[in-house]
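The residues making up each chain are set out below.
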Amino acid sequence: MSRAVEILRGAAWRDVAARALAAVPLNYAVTSALTMLIARILPGGAQQASVGATLMSFLIFAGLAMTAFAVRSVAWLWVGLIATGVAAGFADWCFITWGGRL
């Protein structure tokens, strides 16, 4: 087996591992931050908003997991997920600080 094929196989393995880490643990963190944000934004009572946000979280998680394996660049995947998580977490923190719905 040539050296180039071995290098390519190693790169493909790292690429899949990075996508799997983005698709499960990082996706879970981003989805939870987005779910908290959606629960605070949705109208209605706190219970109804929580149930609605939880139902939406299943769609968000599945969509982000599929996106993790559909995009071309792993680096942009990680940047996008981390930026989304930080933005949602900051918005959650602002809502809590300013007295938003808990």
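The structure under discussion appears in the preceding block.
Residues numbered from 1 in each chain as written. Predicted model: local features only at pLDDT ≥ 70, side-chain atom pairs only at ≥ 80, totals over all residues. Heavy atoms only, no water.

Novice: Sorry if this is basic, but what is going on with the pattern of salt bridges here?
Specialist: Charged atoms that come close allow side chains of opposite charge to pair. Applying the stated criterion to the full structure yields 1 salt bridge. With its nearest N and O atoms 3.2 Å apart, the salt bridge here joins R19 to D15. Highlighted residues: R19 and D15, both in helix α1 (residues 3–41), separated by 4 residues, approximately one helical turn. Note on D15: relative accessible area 29%, which makes it partly exposed. (Salt bridge = Lys/Arg side-chain N within 4 Å of Asp/Glu carboxyl O. Helix = DSSP H or I, 4+ residues; strand = E, 2+ residues; numbered from the N terminus. Buried < 20%, exposed > 50% of the residue type's maximum accessible area, 1.4 Å probe, protein only.)

Novice: When you look at a nonpolar patch on the surface in this model, what are you seeing that I'm missing?
Specialist: Together, V51, L55 and F58 line one region of the surface with nonpolar side chains, adding up to about 340 Å² of accessible area. Along the polypeptide, V51 turns up in helix α2 (residues 46–70). Using a relative accessible area of 52% as the deciding quantity, one classes V51 as exposed. (Patch = residues over 30% accessible without salt bridge, like charges linked within 9 Å, V, L, I, M, F, W, Y side chains within 5 Å. Areas by Shrake-Rupley, 256 points an atom, 1.4 Å probe, with all protein chains shown as cover.)

Novice: Teacher, can you tell me more about α2 here?
Specialist: Because an α-helix completes one turn every 3.6 residues, residues spaced three or four positions apart along the sequence face the same direction. With 25 residues, α2 extends 35 Å from end C-alpha to end C-alpha; this agrees with the ideal 36 Å at 1.5 Å per step. All of the buried residues along α2 are A49, A53, S57, A65 and A68. (Expected span 1.5 Å × (residues − 1).)

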